[in-house]
Amino acid sequence: MNLLNVNAGTLAGDAVITILIGFTVVFLMLLLLTGVFKVFGLIMSYLEKNKAPVQPAIPVASVAAPIPAAAPIVGNTEVVSSKPDVDGGVPAETVAVISAAVASVAPEGAQYAVKGIRKL
């Protein structure tokens, strides 16, 4: 088929039909998927309603262990100022993020203090 010999009306009509078929297929598949998920949800809610409650094999009171006492503070216990020395107007959020990063890499039980933050 030579496109130079085709009427513009025929070409536009074919394009419209192709577009309508595409939209129809897409929307039908969306409706089908919606129906599948709706049925799946109904099945799951039915199974959840009819599920018997599970009884624990060991009574809960006998499982609970006493809470251990806090470990004593070891190392440097000097009081550090509550705010670090901030240079250049570093926002408080930035100070908090840097302090949290230091805390996340510090060993368990180690004490640390962020004494100053400055822009580079």
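Residues numbered from 1 in each chain as written. Predicted model: local features only at pLDDT ≥ 70, side-chain atom pairs only at ≥ 80, totals over all residues. Heavy atoms only, no water.

**Notes on the overall build of the protein chain**
And step 1. Scanning the protein chain from terminus to terminus reveals three helices and two strands.
And step 2. The order of helices and strands in the protein chain, counted from the N terminus, is α-α-β-α-β.
And step 3. The burial tally for the protein chain puts 4% of its 120 residues in the buried class.
And step 4. Of the accessible surface of the protein chain, which amounts to about 10,900 Å², a share of 70% is contributed by carbon and sulfur atoms. (Helix = DSSP H or I, 4+ residues; strand = E, 2+ residues; numbered from the N terminus. Buried < 20%, exposed > 50% of the residue type's maximum accessible area, 1.4 Å probe, protein only. Areas by Shrake-Rupley, 256 points an atom, 1.4 Å probe, with all protein chains shown as cover.)

**A few points about the confidence of the model for the protein chain**
And step 1. Of the residues in the protein chain, 67% have a pLDDT of 70 or more, and the chain-wide mean is 77.
And step 2. Mean pLDDT values for the elements of the protein chain range from 56 in helix H2 (residues 60-63) up to 92 in helix H1 (residues 8-49). (pLDDT = per-residue confidence, 0-100.)

**Some details on a nonpolar patch on the surface**
And step 1. Together, Ile17, Ile21, Val25, Leu28, Met29, Leu31, Leu32 and Val36 make up an exposed nonpolar region whose accessible area comes to about 780 Å².
And step 2. Looking at where Ile17 falls in the secondary structure, it is placed in helix H1. (Patch = residues over 30% accessible without salt bridge, like charges linked within 9 Å, V, L, I, M, F, W, Y side chains within 5 Å. Salt bridge = Lys/Arg side-chain N within 4 Å of Asp/Glu carboxyl O.)

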